[in-house]
Amino acid sequence: MLDQGAPPHNQIPAAPASPGVAARLMRRKPVERLVAEGGHGEGGQLRRSLGLWQLTMISIGATLGTGIFVVLGDAVPKAGPAVTLAFVIAGLTALFSALSYAELAGSIPVAGSSYSYAYATLGELVAWVCGWCLVLEYGVSVAAVAVGWGQYLNELLDGTIGVTIPAALSSAPGEGGIINLPALIVVLLAMAFLLGGARESARANTIMVCVKIAALVLFCAIGVMGFKSGNYADFMPLGMSGVSAAGATLFFSYIGFDAASTAGEEAKDPKRDLPRAIMLSLIIVTALYVLVAAVAVGAWNWKKFDGSEASLAGIMNDVSGQTFWGTLLALGAVISIASVVLTVLYGQTRILFAMARDGLVPKALGRIHPKTRAPRLNTVIVSLFCGALAALIPLGKLVDATSIGTLFAFGLVNIAVIVLRVRRPGLERTFKVPFGPVLPVLGFLFCAYNMSSLDTVTWVVFGCWMAAGLVFYFLYGYRRSRLATDDALAATAEK
């Protein structure tokens, strides 16, 4: 008598059905696997050498720079004296996202930042979109910061030796120049530091961060002497819409606080130190931004900021009646903005390192140099790409493109916190966002609100960037990702 549960002798059991397209797009990488793979790359491992102090300096170094030294001149004409309120709105947006970053960084301490968090919670397609946004955020912001560095370099040269770099060699083609040579040079200098390894780069960054904080404190000490209360008489001349537009632009000033999360695989104690570094850096940066903006608008009428790309140096010259203090501030700006280029470029290389390890971008970007324990080829390729953008694209276009990519990625991080709490309630968390899902939801809404304030051209550029990213993913990453490879091997083994 035949066993009722056995298949007929002339039938072969069907092979396990391969997952459908939707299932493949939603495949998630387990948190334990993400953490276990931390530090591992092609041919070697990253070196764990960064403590709380270095991580905090990396976040401050990536955040505090062009946003206050250069972008202030773009934001004040939009909001008037209410630019201080715009800084607070942008800071609140950053704060809600920072809380979510802190929770996820303590739970998933890896180099991929929000890309890795999305991979663990929202699936591969969303992770790819997030990673592609991070490429826009970090890569384009490096270029924007480098452009700002060139402007202050001209201020410094003018104040010291009385010459400036010709416009043809210090402006992008869209602004009447041929090439922005200073912007290209500072990116290449940062590349040289990064090729030496994370520990050496962190030391250089710490020195530069101390210089930039000293420069801003010096500005406040001198600028407050020219404070005129009448400059605040018409506090919101362009209404709340102007404040919103300025806030969306100024969000660029807060980009970088998440840089510590990209160092998760080179931190000595990432679960403890990453959340602390993220929150400490944001508190310090926000306090400095609001203080500097309040002093700047008090010293200059808001209409005077229009077209001024080195406004802080101009204010110091006007208040003191001599060029020495403005020149000294320009020196501090040149050093401090260089630290932003260094740390943001570092973050970009580590995100691509994580994506390469997952197979979503070419594996060569995850190759570790045996001596420096850093991804050298990755660093060179990213630096040349960012240097080309800095040399050829005007500042304003770079700032808005960076802001929209960042806001999108931050919005996903807030969602990821909620999803991970539902799916993995027992996961170890060294930091938790207070008030349950309320603050992550607010963080997402603030990001969406700021994105809605950006102009149509920025949205078109963002849409084109996303379309290009999806084409790349379906032509390359969809089949080459390590999760896809693992699924294929498992299906083959079961046949």
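Since the model is a prediction, treat every value here as computed from it, not as a measurement.

A.B. asks: How would you sum up the side chain of serine 383? Please name residues and give values.
C.D. replies: For serine 383, the position within the fold is in helix α16 (residues 376-392). Ignoring anything within four residues of it in the chain, the contact list for serine 383 reads Val187, Met191 and Leu345.

A.B. asks: Before we move on, could you go through the pattern of salt bridges and cite the residues and values that matter?
C.D. replies: Per the stated rule, a full pass over the model turns up 8 salt bridges. Here glutamate 103 ties to arginine 421 by a salt bridge, and the two come within 2.7 Å at their closest N and O atoms. Residue glutamate 103 is found in helix α6 (residues 83-107), and its partner arginine 421 is found in helix α17 (residues 395-423); the two are separated by 318 residues along the sequence. A salt bridge links arginine 272 to aspartate 273; its shortest N-O distance comes to 2.7 Å. Since its relative accessible area comes to 42%, arginine 272 is described here as partly exposed. The exposure class assigned to aspartate 273 is buried, which follows from its relative accessible area of 1%. Counted as one network, the salt bridges with shared partners bring together Glu103, Arg421 and Arg429.

A.B. asks: Any chance you could break down the packing of aromatic side chains for me, citing the residues and the numbers?
C.D. replies: Here the distance between the centres and the angle between the planes together describe a pair of aromatic rings. Tallied over the full model, the rule gives 19 aromatic pairs. Judged by centre distance (5.8 Å) and plane angle (55°), the rings of tyrosine 115 and tyrosine 119 are tilted. With tyrosine 115 and tyrosine 119 both in helix α7 (residues 114-121) and 4 residues apart, this pair spans about one turn of that helix. Accessibility classification places tyrosine 115 together with tyrosine 119 in one group, the buried group. Relative to phenylalanine 472, the ring of tryptophan 128 has its centre 5.6 Å away and its plane inclined at 10°; by these criteria the two rings are stacked. With tryptophan 128 in helix α8 (residues 124-160) and phenylalanine 472 in helix α19 (residues 456-480), this residue pair connects regions lying 344 residues apart in the sequence.

What counts and what doesn't
- Residues numbered from 1 in each chain as written.
- Predicted model: local features only at pLDDT ≥ 70, side-chain atom pairs only at ≥ 80, totals over all residues.
- Heavy atoms only, no water.
- Helix = DSSP H or I, 4+ residues; strand = E, 2+ residues; numbered from the N terminus.
- Contact = heavy atoms within 4.5 Å.
- Salt bridge = Lys/Arg side-chain N within 4 Å of Asp/Glu carboxyl O.
- Buried < 20%, exposed > 50% of the residue type's maximum accessible area, 1.4 Å probe, protein only.
- Phe/Tyr/Trp six-rings, centres within 6.5 Å; stacked < 30°, edge-to-face > 60°.

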